[in-house]
Amino acid sequence: MKDMKKVIYTLALGAGVLFGTASCVSLDTPPYGSESDLTFWTENEQAAFATLNSCYTRFYSIYQLMESEGATDNAYVKGVTSTQYMANGALTTDHSYVKGMWDGFYAGIRLCNELLNNIDKVKSLSDELRARYIAEATVIRAAHFYELYTRFGDIPYPTTVLSVAESKEISRTPKADVVTNIIDDLETVVKSNALPASYGAADHGRITAGAAKAFLAKVYLFEGNYGKVKTLTDEIMASGDYELYPSYEGLFTVEAENCKEIIANVEYAPVTREWNMRDLGIIPPSMGGYCNIAPTQELVDAYIMLNGKGIKEAGSGFDKNNEFANRDPRLAASIIYSGNSYPTEGGATVIDTYEGRDAYGTTSDVTPTGYYIRKYFDKNTYVSSTTSASINAIIIRYADILLMNAEANAELGTMDAAVWNKTIRPIRVRAGFTEAGALDYNAANIKEVIRNERRCELAFEGARFKDIMRWKTADIVLNGKCHGYYTGAAVGADEGYVIIETRKFNPEKNYLWPIPQKDIDLNKNLTQNPKW
């Protein structure tokens, strides 16, 4: 079988030809002609394989995952088309980012429906491959629907390739029904045993049996069905298929790609399929980039001390004048603060955010918060003139399974030292904690401890947005001032911390995004969400 990375790259270029304009618009995409349709599926032995690989071109991206942090208290994202508008209450019904997300997910769903609606026409496929391809496409489609309903609530739920006329008449399916359908699909895949536990190198990145089960756990987690979450994550943990990578910092490097911690990811490859650190905006100007996504002081403050205490807890030992000393090692691995460094050829590049080219400021290229992102920096392919990167973007990893299991146990009232010791403790040991205060189980405020652990362990991996939405804490963490680092200034600051902006979140409105107005204008059967 062909190398998946190369196949996906080729199909990403050709998908627009094969599927009309599916890569640009959503529900109103015209189908390709019936004659070419018949020829493609009945006379092309590679039809199912090629179409399935095209489904993967829409299956998440590093940009989607990381920029979602801007809609949370973890980051500030620049730009009028960014997630920042979700965080500060400035979102509108015709916002281009919302429209782009809506179109993108439905374009991905259409690609999956192309395969699922036509795969039986490919007579040369073995029963085993047919079942596997169907399972892969079903999981990918379920992930797209999951991303849509968690943002928009009730959504159109097409399971066939729509004609233009049909796309202008389809109505919104109630969220509860969408959730039921997604769960039914994923449960069917899990029970079918059609997916392998792993693949060979040429097929890395494809959906595995563990990935299907993990996505199902994600859906149940969002819905607050902690019993199901516990059962599924217990099974994944007992399978022996996954384990934590020895180094937290090393996990986000090329060397760790496809290690046993990774359950689902986005495959990239040097030259043929890469992402650009400059375009993503995670490297400072002195290294050829500009800052588009900046960590907030609120996120920095969430990282605990080495003794296990929060920085505001009595006995923590936190010193504002030496605020990065004795902190959770994941802070230094994830965030660039003044004096921290990027690993580069020949050693390390230290960044100064107080003075010089990378200093805090309000211009378009420098950090507006005093911090840069360090996680996912690719020293292997980094060149100041191109800043290309080929590190795979992680969608789900084993640490998330452990965190979900811990949260489920805490919510069910079954959390104890034994559960702690197989979930949170190994995560902290891997991070670099050694003191008993951080490693030993303590029942006090356990739910908040686990929630904060998720925040710090999974920062910039796309988890925080879903978490504050399902916990219904967005109206707490996204109302009020958003801060940057401590300067001690008396003007334009809050107790010496830079004020980035004042955020607003209306709980009666903002827990759902607006349905794009352009789609409502085209389809009289689409209704708008409350208060929009």
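Right above here is the structure, for reference.
Quantities reported herein were computed from a predicted structural model and do not represent experimental measurements.

**Student:** How do you make sense of the overall build of the protein chain when you look at a structure like this?
**Tutor:** Counting its regular elements, the protein chain contains 23 helices and 13 strands. For a compact globule of 532 residues, the expected C-alpha radius of gyration is about 24 Å, and the protein chain comes in at 23 Å, within 12% of that figure. In terms of overall dimensions, the protein chain has a C-alpha envelope of 70 × 50 × 50 Å along the principal axes. Counting the 532 residues in the protein chain, one finds 57% classified as buried. Across the protein chain, every contact between residues at least 6 apart in sequence was considered, and the portion connecting residues at least 24 apart equals 70%. Accessible surface for the protein chain amounts to roughly 20700 Å². Of this, 50% is attributable to carbon and sulfur atoms.

**Student:** I'm lost on the packing of helix H11 (residues 226–239) against helix H16 (residues 398–412) in this one. Help?
**Tutor:** Packed helices, taken two at a time, are described by their axes: the angle between them and the distance between them. Remark: H11 packs on H16, axes separated minimally by 9 Å, with the N-to-C direction vectors making an angle of 140 degrees. When the axes of H11 and H16 are compared, the pair comes out oblique. Crossing handedness for the pair H11 and H16: left-handed. Two secondary-structure elements touch here, H11 through Tyr226, Gly227, Val229, Lys230, Thr233, Asp234, Ile236 and Met237 and H16 through Tyr398, Ile401, Leu402, Met404, Asn405, Glu407, Ala408, Asn409, Glu411 and Leu412. When the residues that make up the contact of H11 with H16 are grouped by side-chain class, the tally is 10 nonpolar, 4 polar and 4 charged.

**Student:** I'm lost on the state of the cysteines in this one. Help?
**Tutor:** Put plainly, two cysteines are in a disulfide when a covalent bond ties their sulfur atoms together. Per the counting criterion, the structure on display carries 0 disulfides. Cys55 provides the cysteine sulfur closest to Cys112, a residue in no disulfide bond, and the two sulfurs are 3.8 Å apart. For Cys112, a relative accessible area of 0% corresponds to the buried category.

**Student:** In this structure, what is going on with the nonpolar core? I would like to understand it.
**Tutor:** In a soluble, globular protein the nonpolar side chains are often hidden away together inside. Judged by nonpolar contacts, the single largest core of 154 residues is most densely connected at Phe215 and Trp275. Dropping the residues within four chain positions of it, Phe215 is found in contact with Phe59, Tyr60, Val139, Ala143, Leu186, Ile207, Ala264, Ile395 and Ile396. Counting 5 residues, the second largest nonpolar core, distinct from the first, contains Ile304, Ala431, Ala438 and Leu439.

**Student:** What is the right way to look at the layout of surface pockets in this model?
**Tutor:** It is a probe the size of a water molecule, rolled over the atoms, that shows where empty space is left. In this structure, the largest pocket occupies an estimated 1300 Å³ of space. Along its surface, the largest pocket is lined by 37 residues, and Asp301, Ala302, Gly310, Ile311 and Asn452 are the ones closest to its centre. Only helix H14 (297–302), helix H19 (436–439), helix H20 (446–457) and helix H22 (474–477) provide two or more residues apiece to the lining of the largest pocket. Ranked by residues supplied to the lining of the largest pocket, first place goes to H20 with 5 residues. The class makeup of the residues in the lining of the largest pocket is 12 nonpolar, 10 polar and 15 charged.

**Student:** Sorry if this is basic, but what is going on with the pairing of strand S10 (residues 393–397) here?
**Tutor:** It is a general feature of regular strands that their side chains alternate between the two faces of the sheet. Extensive coverage of S10 is indicated by the burial of 5 of its 5 residues. By the bridge criterion, 4 bridges tie strand S2 (residues 262–266) to S10 in an arrangement that is antiparallel. Among the inter-strand pairings, Ile262 is bridged to a residue of S10, identified as Arg397.

**Student:** Honestly, unusual backbone geometry in this entry has me stumped. Any pointers?
**Tutor:** Most peptide bonds adopt trans geometry, and most residues besides glycine take a negative phi value. In this structure, Tyr60 is a non-glycine residue whose phi angle is positive, near 65 degrees. Here Tyr60 shows up in the loop between helix H3 (47–56) and helix H4 (62–67). Residue class for Tyr60 comes out buried when judged on its relative accessible area of 10%. Located in the positive-phi region is Lys531, a residue other than glycine, with phi close to 75 degrees. Within the secondary structure layout, Lys531 lies in the segment after helix H23 (517–522).

**Student:** Teacher, can you tell me more about empty space enclosed by the protein here?
**Tutor:** According to the stated counting rule, one finds 6 cavities of 30 Å³ or more in the structure shown. Taken as a whole, the largest cavity holds about 320 Å³ of empty space. What lines the largest cavity is a set of 24 residues, and nearest its centre among them are Lys218, Ile395, Glu461, Gly462 and Ala463. Mapped by element, the contributors of at least two residues to the lining of the largest cavity are H4, helix H7 (127–152), helix H10 (209–222), S10 and helix H21 (464–470). When the residues that make up the lining of the largest cavity are grouped by side-chain class, the tally is 11 nonpolar, 3 polar and 10 charged.

**Student:** How should I be thinking about the environment of Ser239 in this particular structure?
**Tutor:** If you trace the backbone, Ser239 turns up in helix H11. Along the chain, Ser239 and Gly210 lie 29 residues apart, while their C-alpha atoms are 9.0 Å from each other. For Ser239, the side chain forms a polar contact with the main-chain oxygen of Ile236, separated by 2.7 Å.

Cut-offs used in this document
- Residues numbered from 1 in each chain as written.
- Predicted model: local features only at pLDDT ≥ 70, side-chain atom pairs only at ≥ 80, totals over all residues.
- Heavy atoms only, no water.
- Helix = DSSP H or I, 4+ residues; strand = E, 2+ residues; numbered from the N terminus.
- Rg over C-alpha atoms; globule rule 2.2 N^0.38 Å.
- Buried < 20%, exposed > 50% of the residue type's maximum accessible area, 1.4 Å probe, protein only.
- Contact = heavy atoms within 4.5 Å.
- Areas by Shrake-Rupley, 256 points an atom, 1.4 Å probe, with all protein chains shown as cover.
- Axes fitted to C-alpha atoms, helices over the stretch in contact; angles between N-to-C directions.
- Parallel < 35°, antiparallel > 145°, perpendicular 65-115°, else oblique.
- Left-handed = near helix turned anticlockwise from the far one by under 90°.
- Nonpolar A, V, L, I, M, F, W, Y, C, P; charged D, E, K, R; others polar.
- Disulfide = S-S within 2.5 Å.
- Core = buried A, V, L, I, M, F, W, Y, C linked by side-chain atoms within 4.5 Å.
- 1 Å grid on protein atoms, 1.4 Å probe; cavity = no way out; pocket = protein on both sides within 12 Å on 5 of 7 lines; lining within 4 Å.
- Points joined across faces, edges and corners; volume = space filled by probe spheres on them.
- Pairing = 2+ DSSP bridges.
- Polar contact = N/O pair within 3.5 Å; in protein donor to acceptor, adjacent residues only side chain to side chain.

Distances and angles like these do not, on their own, reveal function.
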